[in-house]
Amino acid sequence: MTQPVHQPPKRVLFVCVENSNRSQIAEAFTRMHGAGRVEAFSAGSRPSGKVNPRAIEFLREVGYDLTQHRSKSLSEIPPGDFEVVVGMGCGDEGCPVVKAKRHEEWGIPDPKNMPPEEYREVRDLIESKVKALLATL
């Protein structure tokens, strides 16, 4: 009887301009729902240098601590190929430069200045899109 071959986790990257809201939230939900099967990363073409405090607040509501995350540049992403690179809706030029088997554009509005209820709607939309993405891997 042959032993099953262990598959390394698939690598997924979420890209936005600032890497402070949407891409951070997507990375967090991918870590929550894809633990063990997926390695999640996020980055920005022009990172702000910090995770938005509102993203930290609204992810805490669903049990995820974003305080350990930091805003990163595309140049800081570990080398290697990605299964999927997702543009979060910023029309960002950085997405195509990252090698991946598949590129997606989600077109998610930036929640940065939204009232709390709308911010939560964007957060929940990102979670549902992450779950759908994970189902395809």
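Residues numbered from 1 in each chain as written. Predicted model: local features only at pLDDT ≥ 70, side-chain atom pairs only at ≥ 80, totals over all residues. Heavy atoms only, no water.

Q: Teacher, can you tell me more about the sheet that holds strand E4 (residues 100-105) here?
A: Consider a sheet: its strands pair through backbone hydrogen bonds, and that pairing is either parallel or antiparallel. The strand order across the open sheet built from 4 strands is E2-E1-E3-E4, with neighbouring strands paired in parallel fashion. Edge positions in the open sheet fall to strand E2 (38-44) and E4, since each of these has one partner strand only. With strand direction ignored, the average angle separating the axes of adjacent strands in the sheet is 20 degrees. Two strands pair when backbone bridges link them, and strand E1 (residues 10-16) and strand E3 (residues 82-87) are joined in this way by 4 bridges, in the parallel orientation. The partner of Leu 13 across the bridge, within E3, is Val 85. The strands touched by helix H1 (residues 22-33) are E1 and E2; relative to E2, the strand with the most contacts, the crossing angle is about 175 degrees. In this fold helix H3 (residues 116-135) packs onto E1, E2, E3 and E4, with an angle of close to 150 degrees to the strand it touches most, E1. (Pairing = 2+ DSSP bridges. Helix = DSSP H or I, 4+ residues; strand = E, 2+ residues; numbered from the N terminus. Axes fitted to C-alpha atoms, helices over the stretch in contact; angles between N-to-C directions. Contact = heavy atoms within 4.5 Å.)

Q: Which parts of the structure should I look at to understand H3?
A: Three- or four-residue spacings in an α-helix give side chains the same orientation, since the helix completes a turn every 3.6 residues. With 20 residues, H3 extends 29 Å between its outermost C-alpha atoms, agreeing within 8% with the 28 Å of an ideal straight helix rising 1.5 Å per residue. Listed as buried for H3 are Tyr 119, Arg 120, Val 122, Arg 123, Ile 126, Glu 127, Val 130, Leu 133 and Leu 134. Looking straight down H3, one finds its buried side chains confined to an arc of 160 degrees; they lie on one side. Summarising the geometry of H3, the exposed residues directed more than 90 degrees from the buried face are Glu 117, Glu 121 and Ala 135. (Expected span 1.5 Å × (residues − 1). Buried < 20%, exposed > 50% of the residue type's maximum accessible area, 1.4 Å probe, protein only. Arc of directions from axis to C-beta.)

Q: Just to check I follow, could you spell out the nonpolar core for this structure?
A: What tends to happen in soluble globular proteins is that the nonpolar side chains get buried as a cluster. Counting 27 residues, the largest nonpolar core has Phe 14, Leu 66, Met 88, Trp 106, Ile 126 and Val 130 as its most contacted members. Secondary structure elements with two or more residues in this core: E1, H1, helix H2 (53-60), E3 and H3. A total of 6 residues in this core trace back to one element, the largest contributor, which is H3. If near-sequence neighbours (up to four positions away) are discounted, Leu 66 is found in contact with Gln 24, Ala 28, Val 51, Ala 55, Ile 56 and Leu 59. (Core = buried A, V, L, I, M, F, W, Y, C linked by side-chain atoms within 4.5 Å.)

Q: Which parts of the structure should I look at to understand the side chain of Ser 42?
A: Here Ser 42 lies in strand E2. Among the polar contacts made by the side chain of Ser 42, one reaches the side chain of Asn 19 at a distance of 2.9 Å. Apart from residues lying up to four places away in sequence, Ser 42 is in contact with Leu 13, Phe 14, Asn 19, Ser 23, Gln 24, Glu 27, Lys 72 and Ile 77. (Polar contact = N/O pair within 3.5 Å; in protein donor to acceptor, adjacent residues only side chain to side chain.)

Q: Can you walk me through the confidence of the model for the protein chain in this structure?
A: As a general rule, the predicted coordinates of low-pLDDT regions are not to be interpreted in detail. The predicted model of the protein chain has a mean per-residue pLDDT of 90, with 91% of residues at 70 or higher. Per-element averaging of pLDDT across the protein chain places E4 at the bottom with 91 and H3 at the top with 98. (pLDDT = per-residue confidence, 0-100.)

Q: Help me understand the packing of H2 against H3, please; the structure alone is not making it clear to me.
A: If you want to describe how two helices pack, look at the angle between their axes and the distance between the axes. Where H2 contacts H3, the axes come no closer than 11 Å and their chain directions differ by 70 degrees. Overall, the two elements H2 and H3 adopt an arrangement that is roughly perpendicular. When H2 is examined against H3, the residues Arg 54, Ala 55, Phe 58 and Leu 59 are found in contact with a partner set consisting of Pro 116, Tyr 119, Arg 120 and Arg 123. Residue composition of the contact of H2 with H3, by class: 5 nonpolar, no polar and 3 charged. (Parallel < 35°, antiparallel > 145°, perpendicular 65-115°, else oblique. Nonpolar A, V, L, I, M, F, W, Y, C, P; charged D, E, K, R; others polar.)

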